[in-house]
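Residue-level listing of the chains:
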Amino acid sequence: MEVEETPLPGIGIRREIVVGNGRRVGIVIQRDGQTELIISRMDDPDACLASIPLSTEEAATLGSLLGGPRLVAQLAAEHSDLPGVSTRQFLVTEDTPFAGRPLGETKLRTRTGASVVAMLRSGQVLPSPTPNDVIEPGDLLIVVGTPDGLDAAAAILHGN
């Protein structure tokens, strides 16, 4: 998919894609670092139907949410030949007990047999995170394991 990039003199830069119905969806990154999610009008692709300001954390979380399903689908396809192995994603929020702490402190693999195989942060994939990698609010953790192991991982990550 092609990303169109348009300089906005004095404002910043606009990056957008054209989705299947012809509407443009993208972001404006302003010179001061502010980010806005933008959606064009159908009748005028240069006119904005909606502009939603996003904090840095909101933009990062939205990027992770949008990128997560693709990674999970890819991992699920790779594990389809392995009976009993599943992939699940977990969003880290401010309320997640391990937010701001190293992944190793969860002892997830030891306690559940499930493994964190990737972390999505700000639209970027961190494959094979180490025990020293810090879990941040907005991260999307991609976890592989048995259904029981994934349920136990959910309980740990959600503080149950």
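Read on for an overview of the structure.

Quick notes on the rules
- Residues numbered from 1 in each chain as written.
- Predicted model: local features only at pLDDT ≥ 70, side-chain atom pairs only at ≥ 80, totals over all residues.
- Heavy atoms only, no water.
- Helix = DSSP H or I, 4+ residues; strand = E, 2+ residues; numbered from the N terminus.
- Buried < 20%, exposed > 50% of the residue type's maximum accessible area, 1.4 Å probe, protein only.
- Salt bridge = Lys/Arg side-chain N within 4 Å of Asp/Glu carboxyl O.
- Core = buried A, V, L, I, M, F, W, Y, C linked by side-chain atoms within 4.5 Å.
- Contact = heavy atoms within 4.5 Å.
- Pairing = 2+ DSSP bridges.
- Axes fitted to C-alpha atoms, helices over the stretch in contact; angles between N-to-C directions.
- Patch = residues over 30% accessible without salt bridge, like charges linked within 9 Å, V, L, I, M, F, W, Y side chains within 5 Å.
- Areas by Shrake-Rupley, 256 points an atom, 1.4 Å probe, with all protein chains shown as cover.
- Lys, Arg positive; Asp, Glu negative; His and termini not counted.
- Charge placed at Lys NZ, Arg CZ, Asp CG, Glu CD.

1. Re unusual backbone geometry
Comment: phi is negative for the bulk of residues other than glycine, and the bulk of peptide bonds are trans. In this structure, Lys107 is a non-glycine residue whose phi angle is positive, near 50°. You can see Lys107 is positioned in the loop between strand S6 (86–91) and helix H2 (108–112). Assessed through its relative accessible area of 52%, Lys107 is described here as exposed.

2. Considering the pattern of salt bridges
Counted by the stated rule, this structure contains eight salt bridges. Here Asp151 and Arg88 are joined by a salt bridge, their closest N and O atoms 3.1 Å apart. One end of the pair, Asp151, is in helix H3 (residues 147–157); the other, Arg88, is in strand S6, and 63 residues separate them in sequence. A relative accessible area of 43% means that Asp151 is categorised as partly exposed.

3. Some remarks on the nonpolar core
Within soluble globular proteins, side chains that are nonpolar generally end up buried alongside one another. One finds Phe90, Leu108, Val116, Ile135, Leu141 and Val143 to be the most contacted residues of the largest nonpolar core, which totals 16 residues. Taken together, the elements giving at least two residues each to this core come down to strand S7 (115–121), strand S9 (140–145) and H3. Examining the composition of this core, we find that five residues originate from one element, H3, more than from any other. When neighbours within four sequence positions are excluded, Phe90 is seen to be in contact with Asp139, Leu140, Leu141, Val143, Leu150, Ala154, Leu157 and His158.

4. A word on the sheet that holds S6
As summarised here, the arrangement of the four strands in space is S6-S9-S7-S8, forming an open sheet in which the pairing is antiparallel. A single partner strand is all that each edge strand has here, and the edge strands are S6 and strand S8 (124–127). On average, each strand axis in the sheet is inclined to that of its neighbour by 25°, with strand direction left out of account. Packed on one face of the sheet, H3 meets S6 and S9 and runs near 10° to S6.

5. Some remarks on a negative patch on the surface
Among the surface-exposed residues, Glu57, Glu58, Glu94 and Asp95 lie close enough to one another that they form a single negatively charged patch. Locating Asp95 in the fold gives a position in the loop between S6 and H2.

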